[in-house]
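Notes for the structure review
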Amino acid sequence: MTEDSSAQRLSLYVSRRNKKHLPLIHEVMEEYDLNMTDTFFKLLKEKHADIQNRKLRKELIGV
């Protein structure tokens, strides 16, 4: 099995209303020297970490 055939792929459709965010993605891509898929998952991981931290803070203060 070749590397390409075993790799998972991600395809995203960017609607017209979200096209305004593409320059932000490209800016992050350039800053971290990543491709678009790696950039997407980097941002996703960071956002998930933020959500988990907020949940933990709420648990710690008892809200």
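What comes next concerns the included structure.

The rules we used
- Residues numbered from 1 in each chain as written.
- Predicted model: local features only at pLDDT ≥ 70, side-chain atom pairs only at ≥ 80, totals over all residues.
- Heavy atoms only, no water.
- Helix = DSSP H or I, 4+ residues; strand = E, 2+ residues; numbered from the N terminus.
- Polar contact = N/O pair within 3.5 Å; in protein donor to acceptor, adjacent residues only side chain to side chain.
- Expected span 1.5 Å × (residues − 1).
- Patch = residues over 30% accessible without salt bridge, like charges linked within 9 Å, V, L, I, M, F, W, Y side chains within 5 Å.
- Areas by Shrake-Rupley, 256 points an atom, 1.4 Å probe, with all protein chains shown as cover.
- Salt bridge = Lys/Arg side-chain N within 4 Å of Asp/Glu carboxyl O.
- Lys, Arg positive; Asp, Glu negative; His and termini not counted.
- Charge placed at Lys NZ, Arg CZ, Asp CG, Glu CD.
- Buried < 20%, exposed > 50% of the residue type's maximum accessible area, 1.4 Å probe, protein only.
- Arc of directions from axis to C-beta.
- Axes fitted to C-alpha atoms, helices over the stretch in contact; angles between N-to-C directions.
- Parallel < 35°, antiparallel > 145°, perpendicular 65-115°, else oblique.
- Contact = heavy atoms within 4.5 Å.
- Nonpolar A, V, L, I, M, F, W, Y, C, P; charged D, E, K, R; others polar.

**Observations regarding the side chain of Thr39**
Structurally, Thr39 can be placed in helix H3 (residues 36-61). Only 2.8 Å separates the side chain of Thr39 from the backbone oxygen of Asn35, close enough to count as a polar contact.

**Regarding H3**
End to end, H3 covers 38 Å across 26 residues, agreeing with the expected 38 Å (1.5 Å per residue, within 8%). Regarding H3, its N-cap is Asn35, as a side-chain oxygen of that residue lies 3.1 Å from the backbone nitrogen of Thr37 further along. Positive backbone phi, approximately 75 degrees, marks Gly62, located one or two places after H3.

**Points about a positive patch on the surface**
Together, Lys47, Arg54, Arg57 and Lys58 line one region of the surface with positive charge. Relative to the assigned elements, Lys47 resides in helix H3.

**What to know about unusual backbone geometry**
The phi dihedral of Asp33 falls on the positive side, at around 55 degrees, and the residue is not glycine. Inspection of the secondary structure puts Asp33 in the loop between helix H2 (22-32) and H3.

**Side note on a nonpolar patch on the surface**
Where nonpolar side chains cluster on the molecular surface, the patch consists of Leu10, Leu12, Phe41 and Leu44 and spans about 360 Å² of accessible area. Residue placement: Leu10 occurs in the loop between helix H1 (3-6) and H2. Relative accessible area serves as the criterion here: at 36%, Leu10 is assigned to the partly exposed category.

**Structural notes on H2**
Turning to H2, its buried residues number three or more, namely Ile25, Val28 and Met29. On an axial view of H2, the arc spanned by its buried residues comes to 105 degrees, and they lie on one face. Exposed residues lying more than 90 degrees from the buried face of H2 are Pro23, Leu24, Glu27, Glu30 and Glu31. A positive phi of about 55 degrees marks Asp33, the residue just after H2.

**A short note on the packing of H2 against H3**
For the pair H2 and H3, interaxial distance at closest approach is 9 Å and the crossing angle is 100 degrees. Taken as axis vectors, H2 and H3 run roughly perpendicular relative to one another. Where H2 abuts H3, its residues Ile25, His26, Val28, Met29 and Tyr32 lie against Met36, Thr39, Lys42 and Leu43. Among the residues forming the contact of H2 with H3, the class breakdown is six nonpolar, two polar and one charged.

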